[in-house]
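Architecture and fold: a report
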Amino acid sequence: MKWLKSLYVQVLLGITLGVLLGIVKPDLGASLEPLGTAFVSAVKMLIAPIIFCTVVHGIAGMGDLKKLGSVGWKALLYFEVVTTLALIIGLVVAKVIEPGTGMNVNVAELRVSDADSAKLAGYQAAAAKQSVVDHLLHIIPKTFVSAFAEGEILQVLFLAILAGIALAKMGEKAEMITELLHLVSQMFFGIVGIVTKAAPVAAFGAMAFTIGKYGVGSLKSLLLLLACVYLTCLLFVFVVLGLIARWNGFSLWKMLKHIKEELLLTLGTSSSEAALPQLMTKMEKTGCSKGVVGIVLPAGYSFNLDGTSIYLTMAALFVAQATNTHLTLWQELGILAVLLLTSKGAAAVTGGGFITLAATLASTGTIPVAGLALILGIDRFMSEARAITNLIGNSLAMLVVAKWEGEFDTKAEDAAKVLRG
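Residues numbered from 1 in each chain as written. Predicted model: local features only at pLDDT ≥ 70, side-chain atom pairs only at ≥ 80, totals over all residues. Heavy atoms only, no water.

**A closer look at unusual backbone geometry**
- Even without glycine at this site, Glu-98 takes up a positive phi of about 50 degrees.
- Relative to the helices and strands, Glu-98 resides in the loop between α4 (65-97) and α5 (114-127).
- Accessibility expressed as a relative area gives 38% for Glu-98, which makes it partly exposed.
- Of note in the backbone geometry, Asn-324 takes a positive phi value of approximately 55 degrees without being a glycine.
- For Asn-324, the position within the fold is in the loop between α16 (306-322) and α17 (329-342). (Helix = DSSP H or I, 4+ residues; strand = E, 2+ residues; numbered from the N terminus. Buried < 20%, exposed > 50% of the residue type's maximum accessible area, 1.4 Å probe, protein only.)

The following block contains the structure:
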């Protein structure tokens with residue numbers, strides 16, 4: 001049976017079996033969390049060296065450093081416009097549907113389990129440290145090695161850009177180093193290939209844990225918010241991203257089919273980072289130049305979080321509605337303005353989306369931060385929608401920026417798989 005050899009099918013089976021086990025044997029399902037966690041950790045440990053080697057080799061190979069600046073500002077412009085649209089759409093949908101209205105929650109009487117209380121306190125403590133200045137300073141690592149030890153994407157990207165520029169200025173003298181980095185990156189991609197074989201087991205464990213621990217029944221009271229997040233993400237992907245793809249000569253449907261393995265991997269593990277290494281390889285085969293892939297994709301994982309942006313505005317308004325906190329138009333616009341800045345750091349730390357939300361509510365001073373306890377129970381279920389939307393958004397951003405920069409080869413091996421017919 002050839003179809004069983006497909007990673008796509010294997011991951012799909014893993015997700016299905018995981019959901020079934022979580023429903024039938026919730027205790028056993030909840031105990032399988034380490035399977036998903038171990039896989040994501042294994043992939044994350046490879047991301048830093050892969051990004052470093054790929055970016056350095058790509059920049060050094062560009063020769064013309066003006067191209068680096070051109071790619072950078074075009075990517076940041078795209079990220080800012082699209083994530084702003086995502087924030088606005090999330091705000092509008094939450095205002096129209098009002099998923100939290102009618103809950104009439106008194107924050108002072110809100111009962112929270114000890115585990116959730118500790119988790120919320122941790123998020124609030126982390127949020128207190130997430131100012132714009134702190135986030136910018138965090139990009140600079142304490143030491144060259146610490147960036148790799150901590151696995152911070154932005155820090156590694158920062159070092160890689162500096163190293164790439166230095167090698168580009170060295171000219172022919174740097175050829176031996178750049179070739180060595182290329183070979184090292186191939187080794188790491190080979191390791192990714194080995195680790196990826198465990199993806200079906202990871203997806204099985206992660207889904208069994210989610211359903212087993214939180215249960216389908218835990219969704220009932222907050223089902224409207226959950227439905228709003230998923231529907232808004234679908235609306236954003238097929239309308240906003242669909243139009244962007246069409247205007248730039250790409251087919252969204254073809255692209256989704258092309259990255260189906262990465263989408264399923266993200267769904268199973270609730271982490272778009274789990275698919276980053278193989279997505280980088282796929283985008284190169286699709287026609288995007290190595291240098292542009294190395295810059296745009298890693299940067300997008302910090303600055304182009306479309307799904308997270310949708311979640312942030314919807315969750316903020318949900319808490320306000322549930323706690324009967326009236327917001328004026330100017331207060332809503334103020335929350336939007338704060339999120340335009342804070343959302344860019346949502347990937348910098350574990351639980352970044354929730355920490356960013358806590359930091360935003362604390363800075364505005366109008367919506368009670370304690371109200372976040374209302375969505376702690378279903379945050380895990382919303383993470384899949386966020387992660388998948390982030391992955392799709394970054395895949396399209398990669399194609400669009402490469403085309404804008406003239407670095408997309410329409411004659412590449414897999415280019416036809418994303419171009420409109």
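Here the narrative resumes.
**Points about the packing of aromatic side chains**
- Inspection of every chain in the model, using the stated rule, returns 7 aromatic pairs.
- Here the aromatic rings of Tyr-78 and Phe-79 are separated by 6.4 Å at their centres, their planes lie at 80 degrees, and the arrangement is edge-to-face. Considered together, Tyr-78 and Phe-79 belong to a single accessibility category, that of buried residues.
- Note on Phe-250 and Phe-408: the rings are 5.3 Å apart at their centroids and 90 degrees apart in plane angle, and the pair reads as edge-to-face. Of this pair, Phe-250 sits in the loop between α11 (223-247) and α12 (252-258) while Phe-408 is found in the segment after α19 (379-404), placing the two residues 158 residues apart along the sequence.
- Judged by its relative accessible area of 2%, Phe-250 falls in the buried class.
- Through a chain of ring-to-ring contacts, three or more aromatic side chains come together here, namely Phe-52, Phe-144 and Phe-148.
- The ring of Tyr-311 has Arg-386 lying over it, and the distance from NZ or CZ to the ring centre is 4.1 Å.
- The ring of Phe-250 has Lys-403 lying over it, and the distance from NZ or CZ to the ring centre is 5.4 Å. (Phe/Tyr/Trp six-rings, centres within 6.5 Å; stacked < 30°, edge-to-face > 60°. Lys NZ or Arg CZ within 6 Å of the ring centre and 35° of its normal.)

Purely geometric numbers; function is a separate question.
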